[in-house]
Amino acid sequence: MDLDCGLPEMVCALGADYYGVADLASAADFIRSQGGERVARFPRAVVMGIRLLDELVDMLEEHSDRTGASLYRHHSYDVVNAALDGIALRVANTIQHKGFLAFPIPASKRASDELIAGVFSHKLAAHLAGLGWIGKSCLLVTPDHGPRVRWITVLTDAPIAPTGIPMKPRCAECTACVDICPVHAFTGRLFCEDEPREARFDAAACDRYFKELEAGSGPVVCGLCLFVCPHGRKGKHRPDGKLRD
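The model shown is predicted, which means the values in this text are computed figures rather than measured ones. (Residues numbered from 1 in each chain as written. Predicted model: local features only at pLDDT ≥ 70, side-chain atom pairs only at ≥ 80, totals over all residues. Heavy atoms only, no water.)

Draft legend 1. Geometry of the sheet that holds strand β6 (residues 149-156). If you walk across this open sheet you meet the four strands as β1-β2-β6-β3, and the pairing is antiparallel. Each having just a single partner strand, β1 (18-23) and β3 (102-105) make up the two edges of the open sheet. Strand-to-strand twist of the sheet, defined as the mean angle between neighbouring strand axes without regard to direction, takes the value 25 degrees. Note: β1 against strand β2 (residues 44-51), six bridges, orientation antiparallel. Its bridge partner being in β2, D23 is matched across the sheet by R44. Contacting β1 and β2, helix α1 (residues 3-13) crosses the sheet at an angle of about 145 degrees to β1. (Pairing = 2+ DSSP bridges. Helix = DSSP H or I, 4+ residues; strand = E, 2+ residues; numbered from the N terminus. Axes fitted to C-alpha atoms, helices over the stretch in contact; angles between N-to-C directions. Contact = heavy atoms within 4.5 Å.)

Structure (structure tokens):
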């Protein structure tokens, strides 16, 4: 298999909606600070995404609806994360069989309670691969489906050609995600690679809110910033299969 041509076809056949390859050189220092030398030694990332189901995401609007929250949590986290992990393992095995190194990053696994982060940023890889921009919600926003996508990454030294360049933000003056946050965790600043995450997002406030939800009797889910993004809402399909305006 020619990796440049074969991997996109394979990933699509496995059920992913997005595929890209990122050159990680420009973010090497940040990657090292988050994941250490073992993670930072890889020059490229194969990033894949699965679009979330609009009907499930739209249930998040009724924040007190436990049934909707439970269904969203199950399908959009548990099921999609497992599917992404499976795709990443297949991709990593294929790259390894070609004689290169492959390091799959779990779809959703916290590596540091202090940083409140995983070992590697999937949304950073998707951004560097040209699949979208990092919005004011600190989520990866795609032009067609907004932030309604979950991501996974396989780090590698395989000489796969990058698929794109980082997109400039298209949030303009919109502050929908900032305004809807129950704990005011977002400052409204646009992503800047030279600024720390704290300039845009209070991860600790978000984490405390989730812990409060865990202490209650309902499912642990919020996702309002993901639900409200206009770039995700405008891409939904009508019953006749055509895109809504």
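The discussion continues.
Draft legend 2. Spatial organisation of the nonpolar core. Core analysis: the biggest nonpolar cluster contains 42 residues, and V46, M48, Y72 and V91 have the highest contact counts within it. When residues of this core are traced back to their parent elements, those giving at least two are α1, β1, β2, α4 (54-57), α5 (66-97), β6, α7 (176-180) and α9 (224-228). A total of 10 residues in this core trace back to one element, the largest contributor, which is α5. Not counting the four nearest positions on each side in its chain, Y72 is found in contact with L52, L56, V57, L60, Y77, V221 and L226. I31, V39, A126 and I134 belong to the second largest nonpolar core, which has 23 residues in total. (Core = buried A, V, L, I, M, F, W, Y, C linked by side-chain atoms within 4.5 Å. Buried < 20%, exposed > 50% of the residue type's maximum accessible area, 1.4 Å probe, protein only.)

Everything listed here is a matter of coordinates, which is why it stays silent on function.
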